[in-house]
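Spelled out, the chains give:
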Amino acid sequence: MSYVDQVIERVVRTTPGEPEFHQAVKEVLDTLRPIIALKEEKYKRQAILERLVEPERQIKFRVPWIDDSGQVHVNTGYRVQFNSAIGPYKGGLRFHPSVNLGIIKFLGFEQIFKNSLTGLPIGGGKGGSNFNPKGKSDREVMAFCQSYMTELHKYIGADADIPAGDIGVGSREIGYMFGQYKRICGSYEGVLTGKGVTFGGSLARKEATGYGLMYLTKELLAINGIDISGKICSVSGAGNVAIYAIEKAHDLGAKVVTCSDSTGWIYDPDGIDVKALKEIKEVRRERLTEYKNYRPNAEYHEGKGVWSVKVDIALPCATQNELHLEDAKMLVKNGVLAVCEGANMPTTLDATAYLQQNKVLFAPGKAANAGGVATSALEMSQNSERISWSFEKVDSKLQNIMIGITHNIDEAAKKYGMDGNYVAGANIAGFNKVVNAMICQGVC
Ligand SMILES: NC(=O)C1=CN([C@@H]2O[C@H](COP(=O)(O)OP(=O)(O)OC[C@H]3O[C@@H](n4cnc5c(N)ncnc54)[C@H](OP(=O)(O)O)[C@@H]3O)[C@@H](O)[C@H]2O)C=CC1
Ligand SMILES: O=C(O)CCC(=O)C(=O)O
């Protein structure tokens, strides 16, 4: 059995019940085979892969909180500090009822390579809870966030581990957690990113993941001789990443005709109205059923279906494993040119393979959505310097980072004879830097 297969087998055997983590490890290690083969003995002796797939630390804790009626609830909190070879742990917090250790580990593992691709000094981590913020009052969300931070503060710090947002965690939650950290530690420091701009947040962080996705998509198409202007796109999700991906796609001359949430999806042939979407999702925190009140010509459908619409570019921006083989087949049948992932691991392994076999340009999330964490790292720089940069300055740095990532993954794929395989390109480029740092730092 090859070294890669031994490590995959060991991961599956020793971490039962973590299918998303297994999926992420398989995807990365499979594409790294040619690189690992070049130095197999050295990596084996150093147990590089065994160290890479084992988190440096995983923290699991009780989060008790009181609802508005006086009832006490208990949720489980997590923080997985995966790899600090190239910088302090960095990665978001997810509050969603589906959260478990395996999901946080897959996200933390992906984050190692993503953060490496940004070119900035940040290691990989992720956290969250099975708490569901949906339908909770602001006071209940605050009570939960304060309780979560009361435990988490022991393990994080501006130079140690810097969490941010993810599904279910936006500026409201980050604000409550920042307030509690400050209160407990008596320290005003850049311990979280995605903060409000009046207390240390960076301009353009809110927009960064979605905008970054579109900067990379535009560049990837351009490398392949295609102009993004005039292209029709489908987006899934209606949260932070989806909203700002749609906004930037429209700025770039493309038209997004779909979005979705966990209950249904919208088809708007005139292009999604971003102002209405922001009002529904960011301000009123409502369901997408409300969209028809703003745009009577749009269609609302229950359940899933965005990938059945004929488009040039598909942008999954909701959650993991939301684009399946049947969806990939439908997209290919409808002539899709590119699939660029705004979410983390939204495309299943067989769907990814099908898209690649059918010559669809496929940009994996760890490259395509890296603009969020990159801008978080820019927020950390501003916090350290005690200054705030203008929106334009941050946005221009973000554009340069995303263009850099696009060329980096393209060149890495070419260098190892896998021209056009951007999954391999992203994994190779991310891996090389982290492994080099791990070897230089000795056995730790
Ligand atoms: N925020 C960031 O900066 C970054 C986020 N990401 C990734 O992007 C994705 C979206 O994150 P973000 O936009 O921040 O999260 P949000 O919570 O802002 O939005 C998530 C959206 O996806 C929908 N959704 C979530 N879970 C499911 C599900 N199980 N089935 C169907 N729809 C679902 C939500 O529906 P509903 O409205 O009903 O809840 C919502 O519309 C995630 O994969 C995240 O890890 C990646 C990089 C950075
Ligand atoms: O901004 C960050 O630190 C993390 C963003 C994130 O969670 C992600 O890239 O998946």
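What you see is a predicted model; the values in this text were computed from it and never measured.

About the criteria used
Residues numbered from 1 in each chain as written. Chains lettered and ligands numbered in written order. Predicted model: local features only at pLDDT ≥ 70, side-chain atom pairs only at ≥ 80, totals over all residues. Near = placed C-beta within 6 Å. Helix = DSSP H or I, 4+ residues; strand = E, 2+ residues; numbered from the N terminus. Nonpolar A, V, L, I, M, F, W, Y, C, P; charged D, E, K, R; others polar. UniProt positions renumbered as here; feature names shortened; annotations may be inferred. Buried ≥ 20, exposed ≤ 12 C-beta atoms within 10 Å, placed from the backbone. Contact = placed C-beta atoms within 7 Å. Domains from an automatic or database assignment. Pairing = 2+ DSSP bridges. Axes fitted to C-alpha atoms, helices over the stretch in contact; angles between N-to-C directions. Parallel < 35°, antiparallel > 145°, perpendicular 65-115°, else oblique. Left-handed = near helix turned anticlockwise from the far one by under 90°. Expected span 1.5 Å × (residues − 1).

A look at the site of ligand 2
In the region of ligand 2, the neighbouring residues are K90, G91, G92, K114, A164, D166, T193, N344, N369, G372, V373 and S376. Listed by contribution, the elements that provide at least two residues to the shell around ligand 2 are strand 3 (89-95) and helix 15 (370-385). In the shell around ligand 2, the residues fall into two nonpolar, seven polar and three charged.

Thoughts on the UniProt feature "binding site: NAD(+)" (unreviewed entry) in the chain
In the numbering used here, UniProt assigns the "binding site: NAD(+)" (unreviewed entry) feature to T209 and N240. In three dimensions, the annotated residues from a span of 32 residues occupy one location, with a maximal C-alpha spread of 8.0 Å. Summarising the element assignment, T209 is placed in helix 8 (residues 205-223). Taking the C-beta count within 10 Å as the criterion, T209 has 32 such neighbours and is therefore assigned buried. The residues touching T209, leaving out its near neighbours within four places in the chain, are N240, V241, Y244, G342, N369, G371 and G372. Relative to the elements of secondary structure, N240 occurs in helix 9 (residues 240-251). Among residues more than four places away in sequence, those in contact with N240 are G170, K206 and T209.

What about the site of ligand 1?
Every one of the 21 residues lining ligand 1 counts as a neighbour, but G239, D261, S262, A343 and G372 are closest to it. Here the shell around ligand 1 is built from residues that sort into seven nonpolar, twelve polar and two charged. Of the domains in this structure, domain 2 (56-188) and domain 3 (207-368) are the two that each give at least three residues to the shell around ligand 1.

Description of the sheet that holds strand 6 (residues 232-236)
Strand order in this open sheet of five strands is 7-6-11-12-13, and the pairing throughout is parallel. The open sheet terminates on both sides in strands that have one partner only, identified here as strand 7 (255-256) and strand 13 (361-363). Taken together, the two bridges between strand 6 and strand 7 define a ladder with parallel strand orientation. Note on strand 7: the bridge partner recorded for I232 is K255.

A word on unusual backbone geometry
For A47, which is not a glycine, the phi torsion comes out positive at approximately 50°. In this structure, A47 sits in the loop between helix 3 (40-45) and helix 4 (48-52). For N321, which is not a glycine, the phi torsion comes out positive at approximately 50°. Counting through the fold element by element, N321 comes out in the loop between strand 11 (313-316) and helix 12 (325-333).

Describing the packing of helix 8 against helix 16 (residues 391-415)
The interhelical angle for the contact between helix 8 and helix 16, taken along N-to-C directions, is 45°, at an axis separation of 9 Å. With respect to each other, helix 8 and helix 16 are oriented oblique. Judged by the twist between their axes, the crossing of helix 8 over helix 16 is right-handed. Between helix 8 and helix 16, the contacting residues are A208, Y211, G212, Y215, L216, E219, L220 and I223 on the first element and L398, Q399, M402, I403, I405, T406 and D410 on the second. The residue inventory of the contact of helix 8 with helix 16, partitioned by class, reads ten nonpolar, three polar and two charged.

So, the pairing of strand 9 (residues 264-267)
Taken together, the three bridges between strand 8 (residues 258-260) and strand 9 define a ladder with antiparallel strand orientation. Among the inter-strand pairings, T258 is bridged to a residue of strand 9, identified as Y267. Hairpin connection of strand 8 to strand 9: three residues between the antiparallel strands. In the sheet, strand 9 pairs with strand 10 (residues 299-302) via four bridges, with the strands oriented antiparallel.

Quick notes on the domain arrangement of the chain
Domain annotation for the chain reports domain 1 (1-54), domain 2 (56-188) and domain 3 (207-368). Averaged C-alpha coordinates put domain 2 and domain 3 at centres separated by 27 Å. Taken together, the contact between domain 2 and domain 3 spans eight residues of the former and seven residues of the latter. Each residue belonging to the side of domain 2 that touches domain 3 can be placed in one class, and the counts come to five nonpolar, one polar and two charged.

Quick notes on helix 16
Between its terminal C-alpha atoms helix 16 stretches 36 Å, which fits the 36 Å expected from 25 residues at 1.5 Å a residue. Every buried residue belonging to helix 16 is among V394, D395, L398, I401, M402, I405, T406, I409, D410, A412 and A413, and all of these are buried. Within two residues after helix 16, G417 carries a phi angle of roughly 70°, on the positive side.

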